[in-house]
Amino acid sequence: MAHSGGRWLVGAIGLVVVGVGVGMLAKGVTTGFEEKLERARMRPALLRAARRIGQVGYLARGVVFGLAGVFVVKAAVDFDPDEAKGFDGTLRSIADQAYGQVLLACCAAGLALFGAYSFIEARYRRL
């Protein structure tokens, strides 16, 4: 960040990460991730389960990406490179908040569900 324009570049990268998180949240809410699935090959019960698992997983992933981006933008605004956090630092920051352990458990469960959805997508992905 010491280079000319470094703060702007870091801030822009943070905004891109926030945008990716918002995109994941939107995919989770609208179930846009289902476009990648060959739904005709799936049993109705599996399709319903995949929809819910994917929704929760995408929402959790979007929250974690969004928070990581916010920390990067905050580091650029405050001109404090130590403020920038990766995903592990983001999750530690969540854990340090009031009810942080509960929020962290929810994030962990959501990310695990995203992993489960990824297995379903690997089996039924439209090529």
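The structure we're discussing is the one just above.
Please read all numbers here as calculations on a predicted model, not as lab measurements.

Caption draft 1: Quick look at the pattern of salt bridges. By the definition in use, this model includes five salt bridges. Among the ionic pairs, Asp 78 bridges to Lys 74, the shortest N-O distance being 2.7 Å. Here the residue Asp 78 and the residue Lys 74 both occupy positions in helix α2 (residues 44–78), the gap between them amounting to four residues, near one helical turn. Asp 78 sits in the partly exposed class, given a relative accessible area of 41%. Owing to a relative accessible area of 36%, Lys 74 belongs among the partly exposed residues under this scheme.

Caption draft 2: Quick look at the packing of helix α1 (residues 6–30) against α2. For the pair α1 and α2, interaxial distance at closest approach is 7 Å and the crossing angle is 165°. The angle between the axes of α1 and α2 places the two elements in the roughly antiparallel class. Considering only the axes of α1 and α2, their crossing is left-handed. Classifying every residue of the contact of α1 with α2 gives 18 nonpolar, eight polar and three charged.

About the thresholds
- Residues take numbers from 1 onward in each chain, read along the sequence in its written order.
- Since the coordinates come from a predicted model, pLDDT governs what is reported: local features require at least 70, and pairs of side-chain atoms require 80 or more to be given and counted, while whole-chain, interface and lining totals use all residues.
- Only hydrogens and water are set aside; all other atoms, that is, all heavy atoms of the structure, feed into the side-chain values.
- Any carboxyl oxygen of Asp or Glu that lies within 4 Å of a side-chain nitrogen of Lys or Arg is treated as forming a salt bridge with it.
- In this text, helices come from DSSP runs of H or I with a minimum length of four residues, and strands from runs of E with a minimum of two, each type numbered from the N-terminal end.
- With a 1.4 Å probe rolled over the protein chains alone, any residue whose accessible area is under 20% of its type maximum counts as buried; one over 50% counts as exposed, and the rest are partly exposed.
- Orientation is described by axes fitted as lines to C-alpha atoms, over the contacting stretch for helices, and by angles from 0 to 180 degrees between their N-to-C directions.
- Angle categories: roughly parallel below 35 degrees, roughly antiparallel above 145, roughly perpendicular from 65 to 115, and oblique for all the rest.
- Handedness of each helix crossing follows the sense of rotation of the near helix against the far helix: counterclockwise by less than a right angle gives left-handed, clockwise gives right-handed.
- All amino acids are sorted into three groups, where Ala, Val, Leu, Ile, Met, Phe, Trp, Tyr, Cys and Pro are nonpolar, Asp, Glu, Lys and Arg are charged, and the leftover types, Gly among them, are polar.

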